[in-house]
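Reading the structure
Chain by chain, the residues:
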Amino acid sequence: MGVQLGDAAEFTELESAAMAAALGAAREGSRGANPLVGAAVLTADGQIVTGHHGGAGTPHAEVDAITTAHDLGIDLTTSTLFVTLEPCSHHGRTGPCTEAIIAAGIPSVVFASPDPNPLAAGGGNTLAEAGLTVRSGLREEDSRTLNDRWVRAMAEARPFVTAKIAQSLDGSVAAADGTSQWITSAESRAHAHEVRSRVDAILVGTGTALADDPRLNARNHDGISLDDQPRPVVLGTSDLPVTSFLALNPNTLHLRTHDVREALDQMYAAGVRHLLVEGGPTVLGAFFAPGVVDEVFCYQAPLLIGPGRRSVEGLDIGTLTEALRLVPDDTETPAVSQLGPDFLLHFAAAGLAPAASGSSGSGT
């Protein structure tokens, strides 16, 4: 017995609704080092219960849905589990989902698309060999689209890259005299620290490091540093003052290069799987140019600064048809939401393509 490949016509309307619910649940997660995954339990009487993966170290979607079903007293032995991605069969921060599914007594599983990660793939066959009925292919294209940038980052053996932009309404990150604190609100800064708390590393260029002497740490709403901290990364060849916060932090990774691809290779080798780029305009441009930005959080303040520094610089774009186009992303939050007086714009970078000029950029 193996995995049965099917198409939309082979699934019932109720089964299609269950997978749609799983896809909706997947969008409640946050992008990063892991794919967005949702699951739905379809009971014999047509009830649907969902779960999702909330991020690294949290229960996988299958386990989340199974736990909720148990809490509701649902009979899993007569239910079908729908998952947007093939259940994993390997040990990571959590145990294999295949073991949890088998232990729950679920007799039938439908997953949308195979897991492209060779370390996690094969769960469908594992379940089939254990005697479960396993089918795949329902809403496969939707599942692939949901995680296309994560798949690209994995295929390129580089971190998933989130870019942060905090700017005025006229697209500036600093006034003409260089002042920039604070363009955005306390609410925006609190959200930015939530993002910081779930990444592996935060990167700035040496220009930002020298001008601001940042800590690049993650803090809670009370301003207290969290126990688990992302790794600070500095891009550029300039030395840091020996008394600066980043120089004194033994965990700081100083990448003495201006080449973004080289920097990504070094960070991946150091174990970084989710990178937050908080650099200045030159560094942001250096990451946008080669098409390695996967996600964007743009904090838009209701300010008009006038002459100042643009939020992104260095893109060799001469005409509108060459523009790098972003795609609104409604995962985790609405694509547009309000944070105090500011607006948070969330983009998936599915539309980005590498610029013809190459991949290197300044880290000054």
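Just above, that's the structure.
In this report, the structure presented in the accompanying data block is examined. (Residues numbered from 1 in each chain as written. Predicted model: local features only at pLDDT ≥ 70, side-chain atom pairs only at ≥ 80, totals over all residues. Heavy atoms only, no water.)

Now for the overall build of the chain. Secondary structure summary: the chain contains 11 helices and 17 strands in total. Its C-alpha radius of gyration of 22 Å places the chain within 12% of the 21 Å reference for a compact globule of 364 residues. C-alpha atoms of the chain, sized along the principal axes, occupy 65 × 45 × 40 Å. Taken over 364 residues, the chain has a buried fraction of 46%. Pairs at least 24 apart in sequence give 73% of the contacts found in the chain among residues at least 6 apart. Element-wise, carbon and sulfur atoms account for 52% of the exposed surface of the chain, whose accessible area totals about 16200 Å². (Helix = DSSP H or I, 4+ residues; strand = E, 2+ residues; numbered from the N terminus. Rg over C-alpha atoms; globule rule 2.2 N^0.38 Å. Buried < 20%, exposed > 50% of the residue type's maximum accessible area, 1.4 Å probe, protein only. Contact = heavy atoms within 4.5 Å. Areas by Shrake-Rupley, 256 points an atom, 1.4 Å probe, with all protein chains shown as cover.)

Turning our eyes to something else, we now look at the nonpolar core. Leu203, Met267, Leu275 and Phe287 are the most contacted members of the largest nonpolar core, which totals 28 residues. At 5 residues, the largest contribution of residues to this core is made by helix H11 (residues 281–288). (Core = buried A, V, L, I, M, F, W, Y, C linked by side-chain atoms within 4.5 Å.)

Here the structure, examined in full by the defined rule, presents 16 salt bridges. Here Asp329 makes a salt bridge to Arg27, at a shortest N to O gap of 3.9 Å. In this pair, Asp329 is assigned in the loop between strand S15 (327–328) and strand S16 (336–339) and Arg27 in the loop between helix H1 (13–26) and strand S2 (38–42), connecting sequence segments 302 residues apart. The salt bridge partner of Glu140 is Arg144, with a shortest N-O separation of 2.7 Å. Placement of both Glu140 and Arg144 in helix H5 (residues 140–146) is noted, with a separation of 4 residues, approximately one turn of the helix. When its relative accessible area of 26% is taken as the criterion, Glu140 is described as partly exposed. Since its relative accessible area comes to 39%, Arg144 is described here as partly exposed. By sharing partners, the salt bridges in this structure join Arg149, Arg152, Glu156, Arg158, Arg261 and Asp294 into a single network. (Salt bridge = Lys/Arg side-chain N within 4 Å of Asp/Glu carboxyl O.)

Applying the stated criterion across every chain yields a total of 0 aromatic pairs. Here Arg189 stacks its cationic end above the ring of Trp182, 4.5 Å away from the centre of that ring. (Phe/Tyr/Trp six-rings, centres within 6.5 Å; stacked < 30°, edge-to-face > 60°. Lys NZ or Arg CZ within 6 Å of the ring centre and 35° of its normal.)

Taken N-terminus to C-terminus, the directions of helix H2 (residues 61–71) and helix H3 (residues 97–104) make an angle of 25°; their axes are 9 Å apart at the nearest point. Between H2 and H3, the angle falls in the class roughly parallel. For the pair H2 and H3, the crossing hand works out as left-handed. Residues Glu62, Val63 and Ile66 of H2 pack against Cys97, Ala100, Ile101 and Ala104 of H3. (Axes fitted to C-alpha atoms, helices over the stretch in contact; angles between N-to-C directions. Parallel < 35°, antiparallel > 145°, perpendicular 65-115°, else oblique. Left-handed = near helix turned anticlockwise from the far one by under 90°.)

Looking now at unusual backbone geometry. Cis peptide bonds are those with omega within 30 degrees of zero, and the linkage from Gln181 to Trp182 qualifies with 0°. Structurally, Trp182 is set in the loop between strand S8 (172–175) and helix H7 (186–197). One non-glycine residue with positive phi stands out, namely Leu216, at about 55°. Here Leu216 is to be found in the loop between helix H8 (206–212) and strand S10 (231–235). Here Glu332, not a glycine, exhibits a phi torsion of approximately 70°, which is positive. Within the element layout of this structure, Glu332 appears in the loop between S15 and S16. Classification of Glu332 by relative accessible area gives partly exposed; the value is 27%.

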